[in-house]
Amino acid sequence: RKEVEQDPGPFNVPEGATVAFNCTYSNSASQSFFWYRQDCRKEPKLLMSVYSSGNEDGRFTAQLNRASQYISLLIRDSKLSDSATYLCVVNMGIYGGSQGNLIFGKGTKLSVKP
Amino acid sequence: EAQVTQNPRYLITVTGKKLTVTCSQNMNHEYMSWYRQDPGLGLRQIYYSMNVEVTDKGDVPEGYKVSRKEKRNFPLILESPSPNQTSLYFCASSLFGLAGGLSDTQYFGPGTRLTVL
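Residues numbered from 1 in each chain as written. Chains lettered and ligands numbered in written order. Predicted model: local features only at pLDDT ≥ 70, side-chain atom pairs only at ≥ 80, totals over all residues. Heavy atoms only, no water.

## Things to note about the nonpolar core
Among the nonpolar cores identified, the biggest contains 24 residues, and Phe21(A), Trp35(A), Ile71(A), Leu73(A), Ile75(A), Tyr86(A) and Leu110(A) are the most heavily contacted of them. Mapped by element, the contributors of at least two residues to this core are β3 (19-25), β4 (32-38), β5 (45-50), β7 (60-65), β8 (70-75), β9 (84-91) and β11 (108-113) of chain A. If you look at the next biggest cluster of nonpolar residues, it comprises 19 residues, including Cys23(B), Met27(B), Val60(B) and Leu78(B). (Core = buried A, V, L, I, M, F, W, Y, C linked by side-chain atoms within 4.5 Å. Buried < 20%, exposed > 50% of the residue type's maximum accessible area, 1.4 Å probe, protein only. Helix = DSSP H or I, 4+ residues; strand = E, 2+ residues; numbered from the N terminus.)

## Comments concerning the environment of Tyr25(A)
Structurally, the position occupied by Tyr25(A) is in strand β3. Placed 53 residues apart in sequence, Tyr25(A) and Ser78(A) show a C-alpha to C-alpha distance of 26 Å.

## Some details on the side chain of Ser72(A)
All names here are of chain A. For Ser72, the location among the structural elements is in strand β8. On the basis of relative accessible area, Ser72 is assigned to the buried category, the value being 13%. Once residues lying within four places of it in the same chain are set aside, the contact partners of Ser72 are Phe21, Asn22, Trp35, Thr61, Ala62 and Gln63. (Contact = heavy atoms within 4.5 Å.)

## Side note on the side chain of Ser67(B)
Relative to the assigned elements, Ser67(B) resides in the loop between β7 (65-66) and β8 (76-78). Among residues more than four places away in sequence, those in contact with Ser67(B) are Asn73(B), Phe74(B) and Pro75(B).

## What about the packing of aromatic side chains?
On inspection of all chains with the given rule, the structure shows 12 aromatic pairs over all chains. With 4.9 Å between their ring centres and 45 degrees between their planes, Tyr25(A) and Phe33(A) make a pair best called tilted. With a centroid separation of 6.3 Å and an interplanar angle of 85 degrees, the aromatic rings of Phe104(A) and Phe108(B) are classed as edge-to-face. Of the two residues, Phe104(A) sits in strand β10 (residues 102-104) while Phe108(B) sits in strand β10 (residues 107-108), which places them in two different chains. In this pair, the class of Phe104(A) matches that of Phe108(B), namely buried. (Phe/Tyr/Trp six-rings, centres within 6.5 Å; stacked < 30°, edge-to-face > 60°.)

What is shown is where atoms sit, not what they do.
This is how it looks when you write it as structure tokens:
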């Protein structure tokens, strides 16, 4: 069964805090991994792709652990503007037999307070 | 400007009245996809298309049809809408990455809020 699970949240944190989200996926054939951000009633937008070696973009760090089948997103020095829902997305790629099928987690809501 | 457009943005209709939601992208992307988003269920893929004349079912295709006659357009058709198809619909497009998977960003349209009475 294809499944992507995330911490449901909400995460309520003060400005400047460090917050971490985890996401687990059930299909070991998964090939591509992403974090998207979605603001209320808006379309999702790519935050970052997640690579095996881990990757960092400013205050954001994404990690992939294939052995344990989870990905993580770390946000340092949280800003008010980081308040949003963060979506974990997994793609099977050619090895999964359904190349274009993307599985979204239900999202984790983050609220950064002053 | 690179973008994905959807029309209409808002639609209220009645059960059984056929409707089409259009989606168009100007980025020459091979891949296009439709999703619906419902409270508590997240984003679920309805159909996707790897290229012109190639479409595949996603996780919730029942009650929907799509076509991909041109690269830029990917309309979503509801032949006989029912109230359980009331939802927020997103179209998205993307290039394909070298690994054969989606290693590039998906661009989403602004969404279509559909209410079926």
